[in-house]
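Reading the structure
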Amino acid sequence: ARAGAGAVSEPQRIADLVEIEQLCARYLAYASQFVPDQWLRVFTPDVQYSAFGAVYDIDRMPALLAAAPRGQFIGSMPVVDFDGPDHATGMQHFVFIDQKTHAMRLAWYRDEYVRTRDGWRIRRRSTTFMRKSGAHDSGRQHDPLSEKD
């Protein structure tokens, strides 16, 4: 089928998908290894990250990463849905394993991705935790940054 005006070619869509997959992999790797300057590069300047009953903007992200427990993120490839040449949404399941206790947290991210002049970036990311009870929630309502005060 021939691409219409504004449509994205199949090779371009594949390249976009690979770039978003790498973006999500970098998020997990840099969060696990605590590389804040590289971790921040996966986000747009107007990012909104939702977890623990709070929304964090780019200015609060370095402190949020610093307050996080040390451990390893292991994630699936994201499921990505494109709704335009420069916009997509997605979902990525992950397991976080605490370095000291090896306790695990099961969760997923719901994302909004946008193409910027620097490539694809995460504009919105929200976390949903899976509980042993079978419940799902955005985490225990607290602000990890306020615990550092």
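Details of the structure are given in the entry above.
Source: prediction; values computed, not measured.

1. A word on the overall build of the protein
Along its length, the protein carries 3 helices and 8 strands. For the protein, the succession of helices and strands along the chain, N to C, is α-α-β-β-α-β-β-β-β-β-β. A total of 149 residues make up the protein; the buried ones form 35% of that total. When contacts within the protein are restricted to residue pairs at least 6 apart in sequence, those whose partners lie at least 24 apart make up 52%. As displayed, the protein offers around 8800 Å² of accessible surface, 53% of which is attributable to carbon and sulfur atoms.

2. Quick notes on the pattern of salt bridges
For the structure on display, the rule yields 7 salt bridges. Salt-bridge contacts for Arg13 lead to Asp16; the nearest nitrogen and oxygen are separated by 3.1 Å. Residue Arg13 and its partner Asp16 are both found in helix H1 (residues 10-33); the two are separated by 3 residues, about one turn of the helix. Since its relative accessible area comes to 22%, Arg13 is described here as partly exposed. With relative accessibility at 1%, the residue Asp16 sits in the buried group.

3. Quick notes on the nonpolar core
Ranked by size, the top nonpolar core spans 30 residues in total, and within it Tyr27, Phe43, Tyr49 and Tyr113 carry the most contacts. Those elements that place two or more of their residues in this core are H1, strand S1 (43-51), strand S2 (54-56), helix H3 (61-67), strand S5 (87-98), strand S6 (104-116) and strand S7 (119-130). Here the element with the most residues in this core is H1; it accounts for 6 residues.

4. Side note on the packing of aromatic side chains
Applying the stated criterion across every chain yields a total of 9 aromatic pairs. Clustering of aromatic rings is evident, with ring pairs tying together Tyr27, Trp39, Phe43, Phe73, Phe94, Phe96 and Tyr109. Of note, Arg125 hangs over the ring of Tyr27, and the distance from its end group to the ring centre comes to 4.2 Å. One Lys or Arg, Arg125, reaches over the ring of Tyr109 and ends 3.9 Å from the middle of that ring.

5. Some points on the pairing of S7
Direction of pairing for S1 relative to S7: parallel, over a ladder of 4 bridges. Of the residues in S7, the one forming a bridge with Ser50 is Ser126. Here 11 bridges tie S6 to S7, and the two strands are oriented antiparallel to one another. Note that in S7 the partner of Tyr113 across the bridge is Ile122. Between the end of S7 and the start of strand S8 (residues 136-137), which pair antiparallel, lie 5 residues, with Gly134 showing a positive phi angle near 100°.

6. Describing H1
One turn of an α-helix holds 3.6 residues; hence residues three or four places apart share an orientation. Taking 1.5 Å as the rise per residue, H1 with 24 residues should run 34 Å; its terminal C-alpha atoms sit 34 Å apart, in good agreement. Among all positions of H1, only Asp16, Ile20, Glu21, Leu23, Cys24, Tyr27, Leu28, Ala31 and Ser32 are buried. Phe34 sits one or two residues past H1 and shows a positive phi near 55°.

What counts and what doesn't
- Residues numbered from 1 in each chain as written.
- Predicted model: local features only at pLDDT ≥ 70, side-chain atom pairs only at ≥ 80, totals over all residues.
- Heavy atoms only, no water.
- Helix = DSSP H or I, 4+ residues; strand = E, 2+ residues; numbered from the N terminus.
- Buried < 20%, exposed > 50% of the residue type's maximum accessible area, 1.4 Å probe, protein only.
- Contact = heavy atoms within 4.5 Å.
- Areas by Shrake-Rupley, 256 points an atom, 1.4 Å probe, with all protein chains shown as cover.
- Salt bridge = Lys/Arg side-chain N within 4 Å of Asp/Glu carboxyl O.
- Core = buried A, V, L, I, M, F, W, Y, C linked by side-chain atoms within 4.5 Å.
- Phe/Tyr/Trp six-rings, centres within 6.5 Å; stacked < 30°, edge-to-face > 60°.
- Lys NZ or Arg CZ within 6 Å of the ring centre and 35° of its normal.
- Pairing = 2+ DSSP bridges.
- Expected span 1.5 Å × (residues − 1).

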